[in-house]
Amino acid sequence: MVFAKNDVDYSLYLVTDSTMLPPGTTLCSQVEAGLKNGVTLVQIREKDTETRDFVEEALEVQKICKKYKVPLIINDRVDVAMAIDADGVHVGQSDMPIPMVRKLLGPSKILGWSVGKPSEVETLAKWGPDMVDYIGVGTLFPTLTKKNPKKSPMGPQGAIAVLDALEEFKAIWCRTVGIGGLHPDNIQRVICQCVSSNGKRSLDGISLVSDIMAAPDACAATKRLRGLLDGSKYQFVDCKLNETFPTTASIQSVISQVSSNRPLVQHITNKVHQNFGANVTLALGSSPIMSEIESEVSELARIPNASLLLNTGSVAPIETLKAAINAYNEVNRPITFDPVGYSATETRLCLNNTLLTYGQFTCIKGNCSEILSLAKLNKDRMKGVDANSGNMDINLLVRATQIVAFQYRTIAVCTGEFDCVANGIFDGKYKLSSGTAGITAEDLPCMIIEDGPIPIMGDITASGCSLGSTIACFIGGLNSTGNLFDAVVGAVLLYKSAGKLASTRCQGSGSFHVQLIDALYQLFHENKPESWSASLKKFN
Ligand SMILES: Nc1ncnc2c1ncn2[C@@H]1O[C@H](COP(=O)(O)OP(=O)(O)OP(=O)(O)O)[C@@H](O)[C@H]1O
Ligand SMILES: Cc1ncsc1CCO
Ligand SMILES: [Mg+2]
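As named in an unreviewed UniProt entry, the protein chain is THI6-like protein, taken from Saccharomyces kudriavzevii. According to the UniProt record, the Cofactor (unreviewed entry) comment for the protein chain is "Mg(2+)". Word for word, the UniProt comment on the protein chain under Function (unreviewed entry) is "Condenses 4-methyl-5-(beta-hydroxyethyl)thiazole monophosphate (THZ-P) and 2-methyl-4-amino-5-hydroxymethyl pyrimidine pyrophosphate (HMP-PP) to form thiamine monophosphate (TMP)."

Here it is as structure tokens:
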């Protein structure tokens, strides 16, 4: 059977592995369960099977694929694919070269290639549209399916680099599937984050092995995956920007919600900040819990209005951080991420990038050096955890904040003499293949908050960290229909106004610390944002 190559649906691509079949199932029964429930493409990948058995298995699977009118791809073995007249072949970087495979297969078969970096995209673009039809983009996350992985996982940022290269080299014909460590708990955010920087291209599908092959109930497992693809927030509907901007009235409403919901704010934060952050949280009518106990994160995340602040200034064990991210992402509770000293050392860069790859964050907050580095607009390394001083160009900072918001699909906050807040959380929904429908980082709404210079705010330690606590309280305290952008902007506006008030009341940096907590307490409980001193403007 030959499929019209343009009609292939890559959305749910099942790759087989019969070494992981649960008792009572067979390769064919698992594949059929998948096909019955929404698998759109099948690849036979049996690394440890002798040729004769491989051919027999391939013929069996082919019968089932024909029954469901789904194309069958063979991994690596061009000879087997030709012998059984399969619909295509998938090869890796160290398998037979693509031009040879194409020569053997002829023009009408589907040819897939595993790609991990932009230079490989440049190569396939040079070959032109008659060579590679689709690429497996990966390895995205760590996986047990690859026995001796040659490459370390690329994460969504690596996939974005590949998608950007497809745009740059104009390989418009080439379709993409994400591969490696994809599971029900991460496919939605992978699809949501993996969009080219120009907004025009996202993945065409996801490819996975174990969630179907190793499932005791492969029908239910496939249905769940299909449901995540079809019914998710990120799929099949055009996306649009949130056009509503925060106002003092909407911020007042946020504060009322926080007051009545009294969020539980789990802090995993640096030692310097712990006591200050707990007191700021209490001043905002919320409950702090400073916990780094891995075994309790799931329980905490499930408490109504739970919110997590993750600050990497001095860190808990990485496994604890990952467990916490997973726990909050799983139940869709907010995480505020503060990558302290993001690019100060190689160790911090690596740790923060690992966490950014690992999870989805509602808000990412940093000082201007951190945000410029995250946006890759900073030529210099940070010297420590503090922002490098110097005249900051507002256009550059807004640009950096928008890039971070867009790349991580988050609300990004950049602090300093003036604060920028950009909203990268789209209101609408994403569509496989078509990216964010042309919306790019520059289109994201951005607010500027300022109140003139308040240098003393930089003279106490952990003032930025406590803005993180404030944000975590505000987004945690929202009702289920509350607006996240309003909450983050409200927190930044309150914090700046409280800083100004405290600076007029204090004697020096010691009493400023105490006055700041008093001012936060006072302004929060009075709840009259229209009378706060800091100004709130749209950037345009
Ligand atoms: N010169 C300034 N004028 C006005 N506000 C400032 C100034 N410097 C910092 N701030 C405010 O102080 C808070 C902390 O900002 P900063 O950029 O110093 O964060 P940070 O470096 O992450 O802090 P830390 O790491 O010490 O917690 C923010 O709310 C910011 O708006
Ligand atoms: C001083 C310091 N060192 C690590 S975290 C921190 C708090 C301010 O970011
Ligand atoms: Mg900081």
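1. Thoughts on the environment of leucine 396
With respect to the helices, strands and loops of the structure, leucine 396 is situated in helix H16 (residues 394-407). Relative accessible area serves as the criterion here: at 33%, leucine 396 is assigned to the partly exposed category. The spacing of leucine 396 and leucine 377 is 19 residues in sequence and 8.4 Å in space, taken between C-alpha atoms.

2. Examining the site of ligand 1
As a structural note, the neighbourhood of ligand 1 is formed by 18 residues, with Asn367, Thr415, Asp419, Cys465 and Lys496 the closest of them. Take cysteine 465: an N or O atom from its main chain is 2.8 Å from an oxygen atom of ligand 1. The side chain of lysine 496 places a nitrogen or oxygen atom 2.8 Å from an oxygen atom of ligand 1. Burial of ligand 1 by the surrounding chains reaches 90%, relative to a free accessible area of 630 Å². Examining the composition of the shell around ligand 1, we find that four residues originate from one element, helix H17 (residues 463-476), more than from any other. When grouped by side-chain class, the residues that make up the shell around ligand 1 number eight nonpolar, six polar and four charged.

3. Here we look at the sheet that holds strand E3 (residues 72-75)
Ordered in space as E1-E2-E3-E4-E5-E6-E7-E8, the eight strands form a closed barrel in which the pairing is parallel. The sheet shows a mean angle of 25 degrees between the axes of neighbouring strands, direction not considered. By the bridge criterion, four bridges tie strand E5 (residues 110-115) to strand E6 (residues 134-137) in an arrangement that is parallel. Residue pairing in the sheet places valine 115 in a bridge with valine 137 of E6. The sheet contacts of helix H6 (residues 155-168) involve E5, E6 and strand E7 (175-179), and relative to E6 the element is tilted by about 160 degrees.

Rules and cut-offs
- Residues numbered from 1 in each chain as written.
- Chains lettered and ligands numbered in written order.
- Predicted model: local features only at pLDDT ≥ 70, side-chain atom pairs only at ≥ 80, totals over all residues.
- Heavy atoms only, no water.
- UniProt positions renumbered as here; feature names shortened; annotations may be inferred.
- Helix = DSSP H or I, 4+ residues; strand = E, 2+ residues; numbered from the N terminus.
- Buried < 20%, exposed > 50% of the residue type's maximum accessible area, 1.4 Å probe, protein only.
- Near = heavy atom within 4 Å.
- Polar contact = N/O pair within 3.5 Å; in protein donor to acceptor, adjacent residues only side chain to side chain.
- Areas by Shrake-Rupley, 256 points an atom, 1.4 Å probe, with all protein chains shown as cover.
- Nonpolar A, V, L, I, M, F, W, Y, C, P; charged D, E, K, R; others polar.
- Pairing = 2+ DSSP bridges.
- Axes fitted to C-alpha atoms, helices over the stretch in contact; angles between N-to-C directions.
- Contact = heavy atoms within 4.5 Å.

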